[in-house]
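Report on the structure
Single-letter residue listing:
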Amino acid sequence: MKHGIYYSYWEHEWSAKFGPYIEKVAKLGFDIIEVAAHHINEYSDAELATIRQSARDNGIMLTAGIGPSKTKNLSSEDASVRAAGKAFFERTLSNVARLDIRTIGGALHSYWPIDYSQPVDKAGDYARGVEGINGIADFANDLGINLCIEVLNRFENHVLNTAAEGVTFVKDVGKNNVKVMLDTFHMNIEEDSFGEAIRTAGPLLGHFHTGESNRRVPGKGRMPWHEIGQALREINYSGAVVMEPFVKTGGTIGSDIKVWRDLSEGADIAKMDEDARNSLAFSRFVLGG
């Protein structure tokens, strides 16, 4: 396993430049930095080249996460929105590949955050999501990119809430580069057993996110980390384990993630760095890698 962290742990805005964090995470001992793909299309060719070189120089792998907007929803009832979503993904995937990113995960099949003020059509959104992912999978495969479909809790999306649903979805898509993505925060809400959910995903598990039940860094809460680690080892998972902590209020990140109190306990940047470093050591111990 390789261990990473989402750059937004230190930020308030998804649009924040992530390039400067590459050297930081390398010094903290991580193998991976995960970045938000939403704004990569706004980067210049020179910026992309600089970020790619920085990652190579620091021995850091990049992965990407994304929650498409409602106007780029591959499962929309509106054909023009689905077409806009496909065009958006093709452009984004092309730029992601220029950063040597080989894994992109998130609510690729839908949009995020979901608007529950409107009625939802789980069956229809599921079917259109399968079609939409199928429609971009070959494009991604030609770029060497795996699409990892994230299983989210009921409050953030309605299409896929359990590992079993994620596995069925991926099998229905039927493309080798389309995988399941699990996240301990979402699993804590939806799954009866962490271990069984991981074993259900089995060889289809392509990306794994970690965090405590309140989204602090792993090791600062009550998650059953030894159970999680044992299950990952049982399925011989060798992919990325990326912690996705959100502990600060403010900005679009704090608002979208619903962080209404300071979970860092007033930590400054140095203390946040220390917490990340300690959590990495903890994660390597309990999960492996």
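Here is a short report on the structure shown in this document. Along each chain, residues carry numbers from 1 onward, in the same order as the chain's sequence is written. With pLDDT at 70 or above as the cut-off, local features in this predicted model cover only qualifying residues; side-chain atom pairs require 80 or more to be listed or tallied, and sums for whole chains, interfaces and linings still use all residues. Note that the side-chain values use all heavy atoms of the structure and ignore hydrogens as well as water.

1. Quick word on the side chain of Asn-73
Strands here are runs of E lasting at least two residues and helices are runs of H or I lasting at least four, both read from the DSSP assignment and numbered beginning at the N terminus. Tracing the backbone shows Asn-73 in the loop between β3 (61–66) and α3 (79–97). Three exposure classes are used, based on accessible area relative to the maximum for each residue type with a 1.4 Å probe and protein chains only: buried under 20%, partly exposed in between, and exposed over 50%. The exposure class of Asn-73 is buried, given its relative accessible area of 6%. Counting of polar contacts relies on pairs of N or O atoms within 3.5 Å, with two restrictions inside protein: one atom must be capable of donating a hydrogen and the other of accepting it, and residues adjacent in sequence are counted only when both atoms are side-chain atoms. In terms of polar contacts, Asn-73 uses its side chain to reach the side chain of Ser-75, at 2.8 Å. For Asn-73, the contacting residues outside a window of four places in its chain are Val-81, Arg-82, His-109, Ser-110 and Tyr-111. Pairs of residues are marked as contacts when any of their non-hydrogen atoms sit within 4.5 Å.

2. Looking at the packing of aromatic side chains
Centres within 6.5 Å are what make two rings of Phe, Tyr or Trp a pair, Trp counting through its six-membered ring; a difference in plane orientation under 30 degrees is then read as stacked, over 60 as edge-to-face, and the rest as tilted. Counted according to the given criterion, the structure contains 13 aromatic pairs. With 5.3 Å between their ring centres and 85 degrees between their planes, Tyr-126 and Phe-169 make a pair best called edge-to-face. With Tyr-126 in helix α4 (residues 122–142) and Phe-169 in helix α5 (residues 163–173), this residue pair connects regions lying 43 residues apart in the sequence. This pair shows no difference in class: Tyr-126 is buried, exactly as Phe-169 is. Feature note: the residues Tyr-6, Tyr-7, Tyr-9, Trp-10, Trp-14, Phe-18, Tyr-21, Tyr-43, Trp-112 and Phe-246 constitute an aromatic cluster, connected by ring pairs. One Lys or Arg, Lys-72, reaches over the ring of Phe-88 and ends 5.7 Å from the middle of that ring. The rule for a charge over a ring is simple: NZ of Lys or CZ of Arg within 6 Å of the ring centre, and within 35 degrees of the ring normal. Note that Arg-215 overlies the ring of Phe-185, its terminal NZ or CZ placed 4.0 Å from the centroid.

3. Description of the nonpolar core
One finds Ile-133, Leu-147, Leu-182 and Phe-208 to be the most contacted residues of the largest nonpolar core, which totals 88 residues. Excluding its chain neighbours within four sequence positions, the residues that come into contact with Leu-182 are Val-151, Ala-163, Met-187, Ala-197, Ile-198, Ala-201, Leu-205, His-207, Phe-208 and His-209. For our purposes a nonpolar core is just a set of buried Ala, Val, Leu, Ile, Met, Phe, Trp, Tyr and Cys residues, chained together by side-chain atoms within 4.5 Å.

4. What about the layout of surface pockets?
In this structure, the largest pocket spans a volume of roughly 260 Å³. Taken together, 17 residues line the largest pocket, and the ones lying closest to its centre are Lys-70, Asn-73, Tyr-111, Pro-119 and Asp-125. Under this grouping Gly is polar, as are all residues other than the nonpolar Ala, Val, Leu, Ile, Met, Phe, Trp, Tyr, Cys and Pro and the charged Asp, Glu, Lys and Arg. Across the lining of the largest pocket, the residue classes tally to five nonpolar, six polar and six charged. The distinction between a cavity and a pocket rests on a 1 Å grid over the protein atoms alone: a 1.4 Å probe fits inside a cavity but cannot get out, while a pocket stays open yet meets protein on both sides within 12 Å along at least five of seven lines, and a residue with an atom within 4 Å of a point counts as lining. Grid points are joined across faces, edges and corners, and a volume is the space filled by probe spheres set on the points.

5. Remarks on the sheet that holds β3
Any two strands with at least two DSSP bridges between them are considered paired. Around the barrel, eight strands lie side by side as β1-β2-β3-β4-β5-β6-β7-β8; this closed barrel has parallel pairing. Taken pair by pair, the neighbouring strands of this sheet meet at an average axis angle of 30 degrees, ignoring direction. Comment: axis = line fitted to C-alpha atoms, over the contacting stretch for helices; angle = value between 0 and 180 degrees taken between N-to-C directions. Of the strands in this sheet, β6 (178–183) and β7 (205–210) are in contact with helix α7 (residues 194–201), which crosses β6 at around 170 degrees.

6. Overview of the pattern of salt bridges
It is possible for side chains of opposite charge to pair when their charged atoms get near one another. Here, a salt bridge means any Lys or Arg side-chain nitrogen found within 4 Å of an Asp or Glu carboxyl oxygen. Under the counting rule described, the total for this entry stands at 18 salt bridges. The salt bridge involving Arg-215 is made with Glu-156; its shortest N-O contact spans 3.8 Å. Residue Arg-215 is found in the loop between β7 and α8 (225–234), and its partner Glu-156 is found in the loop between β5 (146–150) and α5; the two are separated by 59 residues along the sequence. In this pair, the class of Arg-215 matches that of Glu-156, namely buried. Two residues, Asp-275 and Lys-220, come together in a salt bridge whose shortest N-O distance is 3.9 Å. One end of the pair, Asp-275, is in helix α10 (residues 269–287); the other, Lys-220, is in the loop between β7 and α8, with 55 residues separating them in the sequence. Its relative accessible area of 38% is what places Lys-220 among the partly exposed residues. In this structure, a network of salt bridges that share partners links the residues Asp-121, Asp-125 and Arg-128.

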